[in-house]
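# Summary of structural features
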Amino acid sequence: MKFKIYRYNPETGAAPSMQEYALDASSGMLLDALIALKEQDDSLAFRRSCREGVCGSDAMNINGRNGLACITPLSSLKQPVELRPLPGLPVVRDLIVDMSQFFKQYHSIKPYLINNDPPPQTERLQSPRERKELNGLYECILCGCCSTACPSFWWNPDRFVGPAGLLQAYRFIVDSRDQAADERLDDLKDPYRLFRCHTIMNCADVCPKELNPTAAIGRIKERMVKRMV
Amino acid sequence: MGILKIKTTISKRTFDAVIVGAGGAGMRAALALSEAGLKVAVLSKVFPTRSHTVAAQGGIAAALGNVTPDNWRWHMYDTVKGSDYLGDQDAIEFMCRTAAEVVYELEHFGMPFDRLDDGKIYQRPFGGHMRDFGAALAQRACAVADRTGHALLHTLYQRNVRADTHFFVEWMALDLVRDEDGDVLGVTAMEIETGEVMLLEARATLFATGGAARIFAASTNAYINTGDGLGMAARAGIPLQDMEFFQFHPTGVYDAGVLISEGARGEGGYLVNKHGDRFMPNYAPTAQDLASRDVVSRAIATEIKEGRGCGPRGDHVLLKIDHLGEDVIRSRLPGARDIALKFAHIDPVREPIPVTPTAHYMMGGIPANYHGQVVVPQRGEPEEVVRGFYAVGECACVSVHGANRLGCNSLLDLLVFGREAARQIVEDLARNPHPKPLPNDAADRSLERLARLDARHDGESVAEVGDAMRRVMQTHCGVFRFPDLLAEGVHEIVAVAERVKNVVIRDKSKVFNTARVEALELDNLIEVAQATMHAAAAREESRGAHARDDFPHRDDDHWLKHSLYFSANRQLDYKPVRLKPMTVESFPPKERVY
């Protein structure tokens, strides 16, 4: 198989370039191929860990589309396979991006349960229906595929929370145990944090866990409207 | 290596406590230390939510009794029996008694547990979880679908965000710093993004570096599971305990290694051989497919060995869950379905999943007591505390898992001992307000190791030597262990260790040099591999996950003891099992039937 991979090492002073590689492989996942290529050329840098799509380390731009290398079958890819770092974030080296801005936005939505009542001796009760509201939200693996596929996030990464952060904002707003829904909605009501979403839907399109941030953003907007009337 | 002149002026930072590893155990401890107001640094090779805890699927064991009547004493009995009586009963009592509390606490932190109709936490059956001291199955596994580890890791990270914990993300700890009294004073570490090495000084150093099943060719573990804490401890003269006991999970996806949760059998799935026959009732009449993992893995290996394996090579069996129906599979086992679709290319709603026993969990590790303090033989005592050094989670051997861990006890272990080690650290630091002076050569070992790696230009690659190590472990130290293979294995792994000393990386750059990281990881893996092979060759009995073809029975007269492997001279020592619990009657060893 033929590959064209984005290479950049700030130490060399050279401009980024696309390097061609070839590998005798056709089955398995893209991550397996990257590991085999690293055996040929140990300077090729990328993140990886679980190799089963749950840790979110190996998000990258694969033939123009964000995804996880470890759950992308080689057989699904057109050649040469073009690999680039996630778009819109500063590149540290090769396929490795600096995700600070992404995590800063995630942290900004207070991604933790807020409940100021003293905890009971046992669990706080939650009905199966209330719990079901969290499905499609809590499963996020923070890989960054969605936010870095979002033009609004590219333009305003410092002011627009982005789909990943907003998905988690809704995860806490909708949790029956959380007491800070109002505070959370207040925090999102400026013209940027939430409202820069223009429902382009790239986020839902690329999410490797098949989650739908656009829908969650819609729900947050509905709640804001409901609160106003 | 005296010819190498090393510049020892590297920068230093000082903390109350340094935690190495940001998986479940590290983050539970970090949370408690941050909330106690201590200055804590948490080092992690990866962003915290990428740690391998994220991949745990089935649940957390705690006798909440939400579905079936339950009692922590039954949980304790199951754990002692599951450990094949090698577990320390004081630590096991402590863990099982504390289980409900730490699970409720996690729920209060926001963990999105599945729920029962009455609003309580959903609990499912799991391997080796029984009622009334083994009489019938219990529902003890507190679950978030089959993504319990993901939910736990993210919940703990989120709570640490709230507590403003200071993480050093993508930093790799290199070596332990000990002074001439043997006290631990911190670690050296490398920032992966810049390649810079730094000394991190602390009055308490807590290792929570996870497992090392990456010593095997077929492993359920993440690539990052390279036994870094064990490597650092071994190089610093700390022995490694019970390393012969590696758990092979019965249901790794054939040819991929990725795990299918025991929850699949907890929800009613079962294993079949090539004739379509359920075989587990022949091996475990009561618990059947929910016998403990060592029993099920040996049953599968036996089916394969006796010619009843599936596929053209007859080298796996099938896990059937299609009879559970699409609704149960979608709601309770969505992750398992996803994995089967992606890695086995079948939809388990319609077809069985090809599976085979796969290296999964390290029962052994850095010897620690149930307060998380590292303990070593010293001054004639078998378990003397190493001042300033703590270990929790999979890298530690407390020993609550003994010779075989029960499913769902690992997530519990992280929570119980992460929290308890933090409590102990707070107590110890109050008594010990001033750091001891660092030795002048504190960073030399690490800097020399890096300098040697940079100076070498000819030799084998990390990938080649790593492959050799994984093949030796897979061939010589698997589910069943044979005397000739073990004896050869000891020679071969020592030979591989010599090759590790001379591996070469071609990339010498500083910025995010993952080739260098992998070379440093191999230094750690080989310590684990050697400890495992040596300890396995020495233990002449079968107990838990250690199954000797030439010694098929447990031998309590000679082997009811923990092994301790010393890296410096490749020698083994032994220490007694703590059979006396904290408050209840001891469970004396008896025959283990499921």
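What counts, and where the lines are drawn
Residues numbered from 1 in each chain as written. Chains lettered and ligands numbered in written order. Predicted model: local features only at pLDDT ≥ 70, side-chain atom pairs only at ≥ 80, totals over all residues. Heavy atoms only, no water. Helix = DSSP H or I, 4+ residues; strand = E, 2+ residues; numbered from the N terminus. Rg over C-alpha atoms; globule rule 2.2 N^0.38 Å. Contact = heavy atoms within 4.5 Å. Areas by Shrake-Rupley, 256 points an atom, 1.4 Å probe, with all protein chains shown as cover. Domains from an automatic or database assignment. Salt bridge = Lys/Arg side-chain N within 4 Å of Asp/Glu carboxyl O. Polar contact = N/O pair within 3.5 Å; in protein donor to acceptor, adjacent residues only side chain to side chain. Buried area = accessible area lost by both parts, 1.4 Å probe. 1 Å grid on protein atoms, 1.4 Å probe; cavity = no way out; pocket = protein on both sides within 12 Å on 5 of 7 lines; lining within 4 Å. Points joined across faces, edges and corners; volume = space filled by probe spheres on them. Nonpolar A, V, L, I, M, F, W, Y, C, P; charged D, E, K, R; others polar. Buried < 20%, exposed > 50% of the residue type's maximum accessible area, 1.4 Å probe, protein only. Patch = residues over 30% accessible without salt bridge, like charges linked within 9 Å, V, L, I, M, F, W, Y side chains within 5 Å. Pairing = 2+ DSSP bridges. Lys, Arg positive; Asp, Glu negative; His and termini not counted. Charge placed at Lys NZ, Arg CZ, Asp CG, Glu CD.

Now for the overall build of chain B. Regarding its fold elements, chain B presents 16 helices and 22 strands. What you see for chain B is a C-alpha radius of gyration of 23 Å, in line with the 25 Å of a compact globule of 594 residues. With the C-alpha coordinates aligned to their principal axes, the bounding extent of chain B is approximately 65 × 50 × 50 Å. Considering only contacts within chain B whose residues lie at least 6 apart along the sequence, 74% involve residues at least 24 apart. With the model as given, the accessible surface of chain B reaches about 19400 Å², and the carbon-plus-sulfur share is 49%.

Residues and elements named next belong to chain A. Its domain assignment divides chain A into domain 1 (2–97) and domain 2 (100–228). For domain 1 and domain 2, the distance between their C-alpha centroids amounts to 29 Å. Of the residues lining the interface, 14 residues belong to domain 1; the matching set on domain 2 comes to 12 residues. For the pair domain 1 and domain 2, the interface holds 1 salt bridge. Between R65 and D205 there is a salt bridge, and its shortest N-O distance comes to 3.2 Å. Along the contact surface separating domain 1 from domain 2 lie 4 residue pairs in polar contact (both at pLDDT 80 or more). Ranked by the residues each element gives to the side of domain 1 that touches domain 2, the list is headed by strand β4 (residues 65–68), at 4 residues.

Moving on: the interface of chain A and chain B. Contacts between the two partners involve 60 residues from chain A and, on the opposite side, 64 residues from chain B. Of the roughly 4900 Å² buried where chain A meets chain B, counting both sides, 52% is carbon and sulfur surface. In this structure, the connection of chain A to chain B is made through 6 salt bridges. Where chain A touches chain B, the interface holds 37 residue pairs in polar contact (both at pLDDT 80 or more).

The gaps left among the atoms become clear once a water-sized probe is rolled over them. In total, this model carries 8 cavities of 30 Å³ or more according to the counting rule given. If you go around the second largest cavity, you meet 19 residues; those closest to its centre are R48 of chain A together with K45, V46, F512 and T514 of chain B. Counting residues per element, the lining of the second largest cavity draws most heavily on helix α15 (residues 514–538) of chain B, which supplies 4 residues. In terms of residue class, the lining of the second largest cavity is made up of 9 nonpolar, 2 polar and 8 charged.

Our focus in this paragraph is the side chain of D178 of chain A. Note that D178 of chain A resides in the loop between α5 (163–173) and α6 (181–187). A polar side-chain atom of D178 of chain A sits 2.9 Å from a polar atom in the side chain of R184 of chain A.

Residues and elements named next belong to chain B. One pass over the full model with this rule turns up 75 salt bridges over all chains. Of the charged contacts in the structure, one is a salt bridge between R203 and D16, with a shortest N-O distance of 2.7 Å. On the criterion of sequence distance, the pair formed by R203 in strand β9 (residues 197–207) and D16 in strand β1 (residues 12–20) is long-range, its members being 187 residues apart. The same class applies to R203 and to D16, which are both buried. Residue R419 is joined to E105 by a salt bridge in which the shortest nitrogen-to-oxygen separation is 3.0 Å. Of this pair, R419 sits in helix α11 (residues 409–431) while E105 sits in helix α3 (residues 89–109); the two residues are 314 residues apart in sequence, bridging distant segments of the chain. Taken together, the shared-partner salt bridges in this structure form one network comprising D84, E244, D294, R298, R539, E541, R543, R554, D556 and R592.

This part covers a nonpolar patch on the surface. On the surface, V225, M228 and V229 of chain A cluster together into a nonpolar patch covering about 380 Å² of accessible area. Here V229 of chain A shows up in the segment after α8 (213–228).

Right, let's talk about the sheet that holds strand β10 (residues 240–241) of chain B for a bit. Residue and element names in this part refer to chain B. Reading across the sheet, the 3 strands line up as β10-β21-β22 and stay open at both edges, with antiparallel pairing between neighbours. One side of each edge strand has no neighbouring strand; the edge strands of this open sheet are β10 and β22 (571–576). Pairing analysis gives 2 bridges linking β10 to strand β21 (residues 561–566), with the strands arranged antiparallel. Each residue of the ladder has a partner; that of Q241, found in β21, is L564.

A contiguous patch of negative charge, built from D484, E488, E492 and D549 of chain B, is present on the exposed surface. Relative to the elements of secondary structure, E488 of chain B occurs in helix α14 (residues 483–500).

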